[in-house]
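# Report on the structure
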Amino acid sequence: MTRPYLLFVLPAVALVGLMFLLPLGWLAALSFGLPESFGLEHYEAIVTSPGIRSMLWTTLRLVTITTLVSLVLGYLVAFAMAHLGETQRLMLTLFVLVPFWLSVLARALAWLILLRHNGLLNEALTGAGLVERPLQLVRNELGVIIGMVHFLIPYAVFPLFAAMTTVDRRLVMAARSVGARPWRAFTDVYVPVTLPAIFGAGVLVFIFGLGFYVTPAILGGGRVVMLSEYISVSVLQTLRWAQAGALSMVLLLSVIALVWLVARAIGFRRLAGVG
Amino acid sequence: MSGASGGALSLRGVTKDFGRTRAVEDVTLEIAQGEFVSLLGPSGSGKSTILMAIAGFVAPERGEILLDGRPILGLPPEQRAFGVVFQGYALFPHMTVAGNVEYPLKLRGIPRAERRERLAKALDQVRLGPLAGRYPRQLSGGQQQRVALARALVFEPPVILLDEPLSALDKKLRVDLQIELKALHERLGTTFVNVTHDQEEAMNMSDRIVILNEGRILQSGAPEALYNAPASRFVADFLGRANFLSGELSPLADGLARLTRGGAAVTVRAGAGSLLALRPERISVRAGGAADRPAGDGPATNRLAGRVASAVFNGAQVLYRVETDFGEILAIEPSFRAEGHLARGDAAELSWPVEAGVLLPEEPAP
Ligand SMILES: Nc1ncnc2c1ncn2[C@@H]1O[C@H](COP(=O)(O)OP(=O)(O)OP(=O)(O)O)[C@@H](O)[C@H]1O
Ligand SMILES: [Mg+2]
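For the structure given in this document, a descriptive report is provided here. From a predicted model like this one, the values you see are computed outputs, not experimental measurements.

### A word on the overall build of chain A
If you tally the helices and strands in chain A, you get 14 helices and zero strands. Written out in order from the N terminus, the α and β elements of chain A read α-α-α-α-α-α-α-α-α-α-α-α-α-α. Residues counted as buried form 40% of the 275 residues belonging to chain A. Taking the intrachain contacts of chain A between residues at least 6 apart in sequence as the baseline, contacts between residues at least 24 apart amount to 68%. Carbon and sulfur atoms make up 72% of the accessible area of chain A, which amounts to about 15700 Å² in all.

### Observations concerning unusual backbone geometry
Residues and elements named next belong to chain A. Cis geometry is found at the peptide bond from Leu34 to Pro35, where omega equals 0°. Look at Arg139: it is not a glycine, yet its phi comes out positive at around 60°. Tracing the sequence through the fold places Arg139 in the loop between α6 (120–127) and α7 (141–165). Residue classification places Arg139 among the partly exposed positions, given a relative accessible area of 35%.

### Digging into the sheet that holds strand β6 (residues 83–85) of chain B
All names here are of chain B. In space, the six strands of this open sheet follow the order β6-β7-β8-β3-β9-β10, with mixed pairing throughout. A strand with exactly one partner marks an edge of an open sheet, and here the two such strands are β6 and β10 (216–221). Taken pair by pair, the neighbouring strands of this sheet meet at an average axis angle of 15°, ignoring direction. In this structure, strand β9 (residues 208–213) lies alongside β10, joined through five bridges in antiparallel fashion. Following the sheet pairing, Ile209 is matched in β10 by Gly221.

### Some thoughts on the site of ligand 1
All names here are of chain B. Contacts to ligand 1 come from Phe18, Ala23, Pro42, Ser43, Gly44, Ser45, Gly46, Lys47, Ser48, Thr49, Glu164 and His197. One of the backbone N or O atoms of Ser45 is found 3.2 Å from an oxygen atom in ligand 1. Contacts to ligand 1 include Glu164, whose side-chain N or O atom sits 3.3 Å from an oxygen atom. For ligand 1, whose unbound accessible area comes to 630 Å², protein coverage reaches 59%. The element contributing the most residues to the shell around ligand 1 is helix α1 (residues 47–55), with three residues.

### Comments concerning empty space enclosed by the protein
Residue and element names in this part refer to chain A. For the structure shown, the criterion picks out one cavity of 30 Å³ or more. In this structure, the largest cavity occupies an estimated 30 Å³ of space. Contributing to the lining of the largest cavity are Val104, Arg107, Ala108, Trp111, Gly147, His150, Phe151 and Thr215. Where the lining of the largest cavity is concerned, the elements lending two or more residues are α5 (104–115) and α7. Among the residues making up the lining of the largest cavity, the classes are represented as four nonpolar, three polar and one charged.

### Looking at the layout of surface pockets
All names here are of chain A. In this model, the second largest pocket occupies a volume close to 400 Å³. If you list the elements that add at least two residues to the lining of the second largest pocket, you get α3 (50–83), α8 (169–177) and α9 (182–193). For the lining of the second largest pocket, the class distribution of residues is 11 nonpolar, one polar and three charged.

### A few points about helix α3 (residues 97–107) of chain B
Burial within α3(B) is extensive, with 10 of its 11 residues counted as buried. The set of residues buried in α3(B) consists of B:Val97, B:Ala98, B:Gly99, B:Asn100, B:Val101, B:Glu102, B:Tyr103, B:Pro104, B:Leu105 and B:Leu107. Looking at the buried residues of α3(B), the elements they touch are α8 and α9 of chain A together with α4 (112–125) and α5 (141–153) of chain B. Immediately downstream of α3(B), the backbone of B:Gly109 shows phi near 65°, a positive value.

### A short note on the packing of aromatic side chains
Scanning the model with the defined rule gives 15 aromatic pairs over all chains in all. Seen from their ring centres, A:Phe151 and A:Phe212 are 5.1 Å apart, and the 80° between their planes marks the pair as edge-to-face. Here A:Phe151 is found in helix α7, whereas its partner A:Phe212 is found in the loop between α10 (195–210) and α11 (214–219), with 61 residues between them in sequence. For the pair A:Phe151 and A:Phe212, one class covers both residues: buried. The rings of A:Tyr75, A:Phe79, A:Trp183, A:Phe186 and A:Tyr190 are connected pair by pair, giving a single aromatic cluster. The side chain of B:Arg233 reaches across the aromatic face of B:Phe244, ending 4.2 Å from its centre. Stacked on the ring of B:Tyr227, the Lys or Arg B:Arg279 has its end atom at 3.9 Å from the ring centre.

### Digging into the side chain of B:Glu78
On the secondary structure map, B:Glu78 appears in helix α2 (residues 77–80). Using a relative accessible area of 12% as the deciding quantity, one classes B:Glu78 as buried. Beyond its immediate sequence surroundings of up to four residues, B:Glu78 is in contact with A:Arg176, A:Gly179, A:Ala180, A:Arg181 and A:Pro182.

### Considering the nonpolar core
Counting 77 residues, the largest nonpolar core has B:Leu9, B:Leu39 and B:Leu161 as the members making the most contacts within it. Among residues more than four places away in sequence, those in contact with B:Leu161 are B:Leu51, B:Ile54, B:Ala55, B:Phe82, B:Gly83, B:Val84, B:Val85 and B:Val193. Core analysis: the next-biggest nonpolar cluster, separate from the first, contains 47 residues, A:Val63, A:Leu160, A:Phe161 and A:Leu227 among them.

### Observations regarding the interface of chain B and chain A
Counting residues at the interface gives 23 residues for chain B, matched by 17 residues for chain A. Of the roughly 1700 Å² buried where chain B meets chain A, counting both sides, 68% is carbon and sulfur surface. Looking at the side of chain B facing chain A, the largest losses of area belong to B:Glu78, B:Tyr103 and B:Leu107, adding up to 32% of the total buried there. Counting across the interface, chain B meets chain A through one salt bridge. In this structure, B:Glu78 engages A:Arg176 in a salt bridge whose closest nitrogen and oxygen atoms are separated by 2.6 Å. Seen at the junction of chain B and chain A, the total is five residue pairs in polar contact (both at pLDDT 80 or more). Where the side of chain B that touches chain A is concerned, the elements lending two or more residues are α2 and α3 of chain B. Here the side of chain B that touches chain A gets three residues from one element, more than from any other, and that element is α3(B). Taken together, the residues of the side of chain B that touches chain A sort by class into 17 nonpolar, three polar and three charged.

Parameters at a glance
Residues numbered from 1 in each chain as written. Chains lettered and ligands numbered in written order. Predicted model: local features only at pLDDT ≥ 70, side-chain atom pairs only at ≥ 80, totals over all residues. Heavy atoms only, no water. Helix = DSSP H or I, 4+ residues; strand = E, 2+ residues; numbered from the N terminus. Buried < 20%, exposed > 50% of the residue type's maximum accessible area, 1.4 Å probe, protein only. Contact = heavy atoms within 4.5 Å. Areas by Shrake-Rupley, 256 points an atom, 1.4 Å probe, with all protein chains shown as cover. Pairing = 2+ DSSP bridges. Axes fitted to C-alpha atoms, helices over the stretch in contact; angles between N-to-C directions. Near = heavy atom within 4 Å. Polar contact = N/O pair within 3.5 Å; in protein donor to acceptor, adjacent residues only side chain to side chain. 1 Å grid on protein atoms, 1.4 Å probe; cavity = no way out; pocket = protein on both sides within 12 Å on 5 of 7 lines; lining within 4 Å. Points joined across faces, edges and corners; volume = space filled by probe spheres on them. Nonpolar A, V, L, I, M, F, W, Y, C, P; charged D, E, K, R; others polar. Phe/Tyr/Trp six-rings, centres within 6.5 Å; stacked < 30°, edge-to-face > 60°. Lys NZ or Arg CZ within 6 Å of the ring centre and 35° of its normal. Core = buried A, V, L, I, M, F, W, Y, C linked by side-chain atoms within 4.5 Å. Buried area = accessible area lost by both parts, 1.4 Å probe. Salt bridge = Lys/Arg side-chain N within 4 Å of Asp/Glu carboxyl O.

Any functional reading would require information beyond the geometric quantities listed.
Okay, here's the thing in C-alpha cells:
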C-alpha cells in the first residue's frame, strides 16, 4: 500500500540530502581539520582563544538580554491581544505582523536611520531640548539589542498569545473569589499557568537570536561582533574555514540541545505549536 | 465552622443585559441564612449570570444585591469573598490539592500553624486527606469536585455559590455527591446557592427551588410544593413529567368542574385555567372492558378508557402510553404492581383521584 507513495518522497529526501546534509557533513569534516589532518585544535581554540571567548560572551549576553526584553514586551502585547476587544486585537496583530513581513535588512536600516547620531529620534530629542548632545543609540550593544528585540518580538508574541487564549478565565475568577486582588490573581495564577509558554517562547527567541547576522552587523557597526558575523568573517575574509566550521558545529549542537531540552520539558508538539 | 455569622442574601429587581440579549430580568429573591437554594432552569435561562452577579463577576444594569442588609454591588469579588465552586471546578493546575485549598488562607495572611490545621480540617470535611499531595490532573472528576468545594469553604465564607457542581459527573457518583453535599450543608449551616439544570439534583438537595426561564423567575418554593402545585405548564413540565389534558370546561358543584373532550369527560378541581396537568405516576392502568370494578371508588376517582400504544418495562417501573379521547397519556406503574403487563393494542382503563390533577392556565407548549 505505502510503497508507491515512498517514490513521491524521494525527490525531497534527495534534495535535503544533497543540499543540506552533505554540506553539513563536509563542514563537520572541515572543523576537525580534515582532509589534511585530524585534530580538535579548532574546538580547543573556542575555549582558549581570548578573541573567540569574548565574542561568544558578547553573543550570549546580548541574546540573553534580548530574550528577556522580548519576553516581557511580548507578554504584555500577547496579554493585550488575548484579553482586549476584537478591534484592539486586530490592530495589535497588524502592528506585530507588518514588520514581520519586511525584510530583516530593511528593518535594520530603518532602525539605523531612526536611531543614528543625526537620525530622527536624536534630532527630535535635541530639537526639543530634552538632551544636549545626541544619544549614542546605534553602533553599540544597545542598537543591536533594539534591532534584535524588534525582530524577535513576534516570535515571543504568537506562542504566548496562543497559550493565553486557552487559559480558562475561571482560574483567575476562582483566585479572586477566594480573596485575591487582581494583581495577586495575575501573579499567583495567570503567570504560572502560562509559564510553559513563556519558557517555550523564550527558547524560541533565544535560538533565533543566536543565529542573528544582519541586525548585529548593521546596528553594531562592526563594533559588536556576534557569532554569525564572526563565522561569516572567518569564511569570507580571514579564510579560517576550519575555525568557522567548528563554531558552526557548536552553534548547531547548542540549538539542538536547547530544542531537546524544551521538548522534554513542555512536549515537542506544544513547542511546534501543533497541539 | 458555623454559618452563624450571617449569610442572608437579597436580590432586588436584578437585571442584566449582554448586548441585546437580556440574560436576567427583574429577579427578586430572598435567601435566608443557612438556606439551601437551587436555581433551576434550562440552558441559557440566566442561572449562571445570577450566580456570577452575586459573586461579583457580573455587574447588573439595574437592581440591588444585599448581604445581611448591606448592599454589596459596589464591592469587587475578593471583598465579597463568597466561596464559589465554578462550573468545571477551575482548580489551579500548578498547585497541589493542599496548595489549592490553602491558597485562600495564604491570601489572608494566616500563620502557618493555623493554616495547616484549617487545611487538614477542610480536607477532612470532604474526605480528601490522603490526596493532599496530588495535582488536580491526577484526580478523578469527583475528587476534583471535592477539592473545589474544600477551597470554597476553607475560609468560612458566609455564602457558598455552586455553579453546576455535579454536572460533569456520571449519574451514580452524582447521586452520592448530592447526599454528601446536603450533609455538609447541614453540618456547616452556611447558606448554599446552587445552580443546576438537573431537576432531580435540585429536588434531592434543596430547601427551596427557584425555577427560571428566559431570565425570569417563574415560581419558587419547597420541592414538594412545587412538584405538587406547579403554577404553570412550564414548571409542571420542567420539574418531573406531566400529562396535559385540554377540553371544554364546565363548572360543577363543590368547587369541582368537568373537562370534556370527544365522548370522554373527567372531573377536576376548579383552578386557574383550563389545562389539566396530571403526574404520570398518579395514574393507574388496568385492563379495559372488564366489569369487575372494585367496589368503593366513587365519584372522587376519574376513569378513562383507551388503548395501549406502547408499554416499556424499565426495571422499577412500567411506562404505558395510552391513546385516549384526550390524546396520548403517559402512565407510570410500579412494575411489581402492574398485574400481568398490558401489551400494545390492549384495551386499557386509566384511573386517578380527582385531587391528583391541577388546572393550569393555557399557554403555548414550550
Ligand atoms: N459573557 C456573556 N456575553 C454575552 N452573552 C452572555 C454572556 N454570558 C451569558 N450570556 C447570555 O446570557 C444568557 C444566560 O446565560 P447563562 O450563562 O446565565 O445561562 P445558564 O442558565 O447558566 O445556562 P447553562 O445551563 O447553559 O449554563 C444566555 O442567553 C447567554 O447566551
Ligand atoms: Mg451556566
